[in-house]
Structure formats: C-alpha cells, structure tokens
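Structural description and commentary
The primary structure of each chain is shown beneath.
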Amino acid sequence: MPLLKNNALVSDTWLVLGNDDVLPATGDVIVPFARLLRDFESLSRRSGKLGVVFANVDRAETLATFLPRLSAVVLHFSAFNDGRAYSLARQLREFGYRGEIRATGNVLPDQLQFMLQVGFDAFEIGDRFPLQVWQAASKQMSLAYQRGLFRRSAESEIWTERHTDAEPWLEQPHAG
Amino acid sequence: MYRYDEFDHQFVRERTAQFRDQAERRLRGELTEDEFRPLRLMNGLYLQLHAYMLRVAIPYGTLSGRQMRQLAMIADKYDKGYGHFTTRQNIQYNWIKLEETADILGHLADVEMHAIQTSGNCIRNVTTDHWAGAAADEIADPRPVGELLRQWSSLHPEFSYLPRKFKIAVTGAPHDRAAVKVHDIGLRLHRNAEGKVGWEVIVGGGQGRTPMIGVTVRDFLPEHELIAYLEAIMRVYNLYGRRDNKYKARIKILVHELGAERFKAEVEAEYARKPQASTEVEERELARIAAYFAPPPFERLPRWSAAFEEARLAQPDFARWARNNLAAHKVDGYTIVNISLKPEGGIPGDATGDQMRLMAQLAETYSHDELRVSHAQNIVLPHVKKDDVFAVWQALDAAALATPNYGLAGDIIACPGLDYCALATARSIPVAQSISRKFADIGRQEEIGQIKINISGCINACGHHHVGHIGILGLDKKGEEFYQITLGGSSAEHSSIGTILGPGFAGHEVADAIDKILETYLKIREPGEEFIAAYRRVGPKPFKEALYAAA
C-alpha cells in the first residue's frame, strides 16, 4: 500500500509481522506490541530497523522504555472518528520519540492535518483519493491557536505569534 | 467585548473556505454522508426532521448590536424570518439549505462569528453567566477565560474526535448562573482565605440520560495553569472515555466508573508528565484578552433615578415589568434588563428578525452596544441606565418583547422537541405553550414567585428538565406522547437532580398537573419561601398526594 510521507508517495520498505511469523535475517520489521515485549532481546540484536504496532487501548507509558530502540510506531484507526491515537501520538512525541509515527486504517484527507499536528508523519492512504487531494488537505488551515504542535513552515501558532517576546514554548520540529 | 485581530479573522476565513470545499465535495458525491457528518457537525450543521439546522456559536453568550443585526439578516434571508436562542447561549436556524451554508458562514465571519464546534464530539461553545461583567455579586468577569478557552479549543487537533461532546461552563460569581456543576467541566472562580482568587475545577457533571453532579478535581487552580490542566483532563478523557456505547461515553461515566479519586490521580499523573513549559504566553494572552473586557465607560450616577421612579408610579405595567425583569447592576444608577423571549403561548427562545434588530438598536443606544443570550433562552441588555429604562420598556412593549415574566412560571425552558428535532421522542413546544397559557395571569405568576419549569422532548435533556424546579420529560409510550414530571432539580450553586414524582401524563394533562403542584406549594409554603426551598423542606409527599390521590 502506498505510504504518504513529506507530502509525497513513497514505497513501504517495512515488513509487518504477526506474533508468530518467521523473523527474517535482515530488513526492517514492524511487530505487534505483544511480540516486542516477548522477543525484545532477539529483536534488538538484529541489524534492521524495528517498529511496533501499538493498539489504541495500550498505554503510552508502557512503550516508553522501548522508544530509544524504535524507528516506527504504527497507530491504527479502526474508525476515523476514534480519536485515541491523536493523544497517543502526542504523548510519544512528548516522551521525546523522534522516529516515524504511522497512521493506518481509516485514514482520510479531512483528518490529515490534525494528524500531522499531533506528530504523525507517515500515512497508509490507499488509492481512493489522488495525491493532490492529500497534498491540499495537509495545509487547509495555516493557523492554529494551540501551542506545541508539529507544523509545517507555512503554519503558525497564533498565540506564539501574538507574544513573540515571551519565553519560547518547547519548540517542535516540523512534521514529516 | 472581544474583537478579532488579523489572526482570528484569517482563522475563521480559512475555516469557512474549508467547509465550502467539504460541502461541495459532499454535493458532488465525493464524500459519503458518513464521512461528511462529523465534518458538518463540527461546523454546526445538523440534518433534522425537515431540513438542515445551523447552530451558530455565541461565545459565552455575548453579542454586539452589529452581530445581532447580522443574525437577523440571516434569519430573514436564509430562514423563515426567525431564529431560536438555545439553552447553550447559541442561536439556531431550523430551515437551512446545505448549498447556502458556506455563504452564511461567510456572513458570520464578516461580524466575527462562526459555527465552529457547536456540534460534534468535540469541545463545544463555552458558556457562562449571562450577567457577566454586570452582576452585583461578581468576583471577576469570567468572559476573558471564556475567550481563552474558545481559542484554545477551536480545531484542537488532539481533541476533535472525543468519545462524545464536551461542554465547559465558567462562572465568576458566587451565585451560579452558569450551572457549572452539571457540565463536563465547570470552572468556578472563588476567593481563598488569603483573599486570592483561583479556579475550582469541577469534572463529570451532566444531564442527559444519566444526570450527575460533577466532582471537584482541583479546589484552587491558578489562572495561568488553566489551559495546561484542562489539556490533562481532556487527554485522560480522550484516551480512556468509553467508545463502545454512545450513551456511556460522556466524561461523567468515566469519572463514575473509575471513581473520583482514581480519575483525579490519572489527571494529576498526566499533568505532572506534561512538558512543563512556561505559561508566560497563556498569561499574556489572557491579559491581552482581558483588556477587551474592560468595563465600558460607566457614568457616575446616583443610585436613585427620579425618571425611573416616576415612570413606575405612573405606569403600572411598567412597574410590574421592572419588578420582575430587572436585576441588580454592580454600578450605581445602572440596571440589568432581562428581555423575556417567553410571551404567552409563544415558542420559548424564538425571536423574529425584526425583534432581533430592535434589540440590537436598544443595545447600541442604551447598553454600551452589548447583548447577552441566557441559558434560559432570554436576551439581556446588561448595562442600562435606570434613567433610560422606561424608554427601553416602551420600545420593547411595542415589539411584543416586554413580557413581565422573567424567572416566573411563564419563563419556561424548552428544547425544540419533536416539532424539529430528529432525536426527540415527544413535542416540547406545545406543552410549554399550554403551560404559559394556563399561567397567563401575571399576577398569579408573581404570587407563585421564582420557579424554573424546564421541558425536554427526550432523555437527552437539552431542555434541562433534570435541573428544573419542575422538570418535564416527554417520552413515547407505544406511539403516544406522555410526560414525566420531576421535582426538586436545580442548577444553581446548591445543584440537585429532580426526582420523578409518579406516573406520567398525556400532553393535554400536563398544564393542569403543574397547576396542582403550584397550588399545593401555595398552600404549604412559609412566608417568603420559594418553591425550591419549600420542596426541599417538605419533600415530594404533598405534591404526590395532590396529583395522584384523587385518581
């Protein structure tokens, strides 16, 4: 499935494994959280990159100790209006995680910008909408009132702009 | 009053353009109705029984004359010449076309208004005391915090797909006119022993099918911490609030199921974990906003107005209206004028375009260009000189806006009910009309005194029946409308949920039943005792006997 990253389609080089699928000798793999807990030692001995599928009923703090070793966290939207993953993504970023956060499942253009703002930077988007629709959707609003969001260079935080002489908030890098 | 700066303007313009695009894609069939629904709801657009309904936000219930005129224009041009003021201090239009909605949002943006988050599972329009900035008993004007919260909650990327809708109310006065204990979050300003002011944070109150009084999670939160603390509460709710059953998805259920202590611990843990950056920006933003709410230039006037007293003596109708519809202002020589939108036999909360324009003009001439919408679906002119009150009354009277029943039996709260609403199980409006006709005699209403009669057309309780001194809930029993009556509810500082009195009544029996309840009250009350106090003293028994014993 095509992956949207940095406003462009890229090929997905990750191998997504189930709990008992054979672990290949090389390559980047994404495993369920249960398998990460079970096989963390053998998984971290591999040379390829490691990612995890994290359910939105799991608690972010249970992933905290693994984050330095992870390069991708997959958060699944079973329905586009189930907003738990927005909080999880933001929590992971607040823990200092800088790897990929990938949205899968019912991902739609109208929610794309919110996802980018809380720290998602990769999206499994299917083929229902052309790339231009996604690109346009990523920048519908150029302003946000909230502080501490991930944002693109053309986006600004209203409160920060109004009070440029105040002490800066924890600056977030641009998403993607 | 708050005024948009360039950022606020641009924000609302971009949002309108975004909605125009979404509506066009829906009309072209590129979005399914399921996908479009949450998008239109977050812009206040509902699909009701007969047409689309657009709910426009009136943040913390405050309007200028210019804004009210624009609401009148929209009523005339896009609706059937009227609008409906709601229990959440908003206005809704019941006959809207999808094709015209983006244009309406554009007209709203012209006067610094919008319909953002008046619906949907997100943080709704923040409500507050309709006498804010004017009430004699106020500690501080709560509207700057209301505006801060409006901005913070607008298109919040983390909290736009919550388990369920989320309502925040704020009060800056000890007498609670904002019903903070029956909101998802209630904020109450108070003074501590050292004379400092801080915010009590109350979580998990609500009405609906499971009415609950909220619990205090922080007793004294400093103002500059409000945003960060609310983020922690919202995150706990967003992550752990139930999503398996929409009837158990409000935060009150989470608080109840976890227990107040565990819920509090979750919030405090989340708050402690948050990157504790400086709150300097929030403090400065609040100061910037507060400057807009500086009191208008009041004149130094004597407390006593000769013109007012003379008019009262000369005009008994004016005297009666003044007795019932005015409230104490914090500045000598001024008064708060409450305009009842509850004429005998009328639809509670409805106003025509012409009436809106008249109220706008009165606000511009006599009330420092300010109007308020109250959660009881009335309009307030907050700053009127006593010397001018008679002129205001004459103008109101000529426009059928001088009903002298503010706070009395005819001042009924009612949801739109089955006449409009797709969720309703029974009609509310005809019941309200029949009660107001039953109590058409204002003299009798005055004898009965302060009473809140609230009517909801379904268990969702938009008409606040749980907190009515007398609550009426319309239900459907095998295709027939019937109405349950509750007594003893209150949304004031000693909040309580009403209890069901007994078997329900058919629609045409309700007004008589209310009459019997109030007759009973008149018999048992002690001198000066209001209905709710009498009920709390004697309990339901005498009322039950009056209603059911004979049968």
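Not measured: the values here are computed from a predicted model.

1. Side note on the nonpolar core
Of all hydrophobic cores here, the largest spans 153 residues; its most connected members are L63(A), F120(A), L71(B) and I233(B). For this core, the leading source of residues is helix α6 (residues 226–240) of chain B, giving ten residues. Excluding its chain neighbours within four sequence positions, the residues that come into contact with L71(B) are V56(B), I58(B), L63(B), I91(B), Y93(B), L108(B), M113(B) and M356(B). Core analysis: the next-biggest nonpolar cluster, separate from the first, contains 32 residues, V431(B), V510(B), A513(B) and F531(B) among them.

2. Points about the pairing of strand β17 (residues 453–456) of chain B
Residues and elements named next belong to chain B. Judged by which residues are buried, β17 turns out to be covered on both faces: I453 and I455 on one side and N454 and S456 on the other are all buried. For strand β16 (residues 413–414) and β17, the ladder comprises two bridges, and the chain directions are parallel. Bridge pairing links I413 to N454 in β17. The sheet contact formed by β17 and strand β18 (residues 470–477) spans four bridges and is parallel. Note that in β18 the partner of I455 across the bridge is I472.

3. Focus on the interface of chain B and chain A
Contacts between the two partners involve 51 residues from chain B and, on the opposite side, 40 residues from chain A. Taking both sides of the interface into account, the surface hidden between chain B and chain A amounts to around 4,400 Å²; carbon and sulfur atoms contribute 55%. For the pair chain B and chain A, the number of links is 13 salt bridges. One salt bridge in this structure joins E158(B) and R90(A), with 2.7 Å as the shortest N-O distance. For the pair chain B and chain A, the number of links is 30 residue pairs in polar contact (both at pLDDT 80 or more).

4. Some words on the packing of aromatic side chains
Tallying each qualifying case throughout the model produces 27 aromatic pairs over all chains. Between F40(A) and F66(A) the ring centres are 4.8 Å apart and the planes differ by 75°, which places this aromatic pair in the edge-to-face class. With F40(A) in helix α1 (residues 33–45) and F66(A) in the loop between β5 (50–54) and β6 (72–77), the pair connects residues that are 26 residues apart, well separated along the chain. Here F390(B) and W393(B) contribute two aromatic rings whose centre-to-centre distance is 5.8 Å and whose plane-to-plane angle is 25°, an arrangement assigned as stacked. On the criterion of helical spacing, the pair formed by F390(B) and W393(B) is a turn pair, its members being three residues apart in helix α13 (residues 389–398). Residue class for F390(B) comes out partly exposed when judged on its relative accessible area of 22%. Here W393(B) falls in the buried class, since its relative accessible area comes to 5%. Taken together, the ring pairs in this structure connect F77(A), F80(A), Y86(A), F120(A), F123(A) and Y161(B) into an aromatic cluster.

5. What to know about the sheet that holds strand β12 (residues 334–339) of chain B
Residues and elements named next belong to chain B. Spatially, five strands are ordered β3-β14-β15-β12-β11 in an open sheet, and the strand pairing comes out antiparallel. The sheet is open, and its two borders are formed by β3 (62–63) and β11 (326–328), each paired with just one other strand. Bridging between β11 and β12 involves three bridges; their strand directions are antiparallel. Residue pairing across strands places A328 opposite T335, the latter belonging to β12.

6. Section: the domain arrangement of chain B
One can read the domain layout of chain B as domain 1 (6–110), domain 2 (142–291), domain 3 (306–398) and domain 4 (413–548). Placing a centre on the C-alpha atoms of domain 2 of chain B and another on those of domain 3 of chain B gives a separation of 34 Å.

7. Let's talk about the confidence of the model for chain B
Averaged over every residue, the pLDDT of chain B is 95; the share at 70 or more is 99%. Across the assembled chains, the prediction reports ipTM 0.94 with pTM 0.94.

8. A short note on helix α16 (residues 510–524) of chain B
For α16(B), with 15 residues, the first-to-last C-alpha span of 21 Å sits near the 21 Å given by 1.5 Å per residue. What α16(B) keeps buried is the set V510(B), A511(B), A513(B), I514(B), D515(B), I517(B), L518(B), T520(B), Y521(B) and L522(B).

9. Things to note about the state of the cysteines
What makes a disulfide is a covalent bond joining the sulfur atoms belonging to two cysteines. All names here are of chain B. Under the counting rule described, the total for this entry stands at zero disulfides over all chains. Considering cysteine sulfurs only, C462 is the nearest to C122, which forms no disulfide, with 15 Å between them. Judged by relative accessible area, which is 0%, C122 ranks as buried. With no disulfide of its own, C462 lies closest to C415 among cysteine sulfurs, the gap being 6.1 Å.

10. Section: the pairing of β12(B)
Residues and elements named next belong to chain B. Within β12, six of the six residues are buried, which leaves it mostly tucked inside the rest of the structure. On β12, burial covers both faces: Y334, I336 and N338 on one face and T335, V337 and I339 on the other are all buried. Bridge analysis of β12 against strand β15 (residues 379–385) gives five bridges, and the strand direction is antiparallel. Bridge pairing in β15 links I339 to I379.

Cut-offs and rules
- Residues numbered from 1 in each chain as written.
- Chains lettered and ligands numbered in written order.
- Predicted model: local features only at pLDDT ≥ 70, side-chain atom pairs only at ≥ 80, totals over all residues.
- Heavy atoms only, no water.
- Core = buried A, V, L, I, M, F, W, Y, C linked by side-chain atoms within 4.5 Å.
- Buried < 20%, exposed > 50% of the residue type's maximum accessible area, 1.4 Å probe, protein only.
- Helix = DSSP H or I, 4+ residues; strand = E, 2+ residues; numbered from the N terminus.
- Contact = heavy atoms within 4.5 Å.
- Pairing = 2+ DSSP bridges.
- Buried area = accessible area lost by both parts, 1.4 Å probe.
- Salt bridge = Lys/Arg side-chain N within 4 Å of Asp/Glu carboxyl O.
- Polar contact = N/O pair within 3.5 Å; in protein donor to acceptor, adjacent residues only side chain to side chain.
- Phe/Tyr/Trp six-rings, centres within 6.5 Å; stacked < 30°, edge-to-face > 60°.
- Domains from an automatic or database assignment.
- pLDDT = per-residue confidence, 0-100.
- Expected span 1.5 Å × (residues − 1).
- Disulfide = S-S within 2.5 Å.

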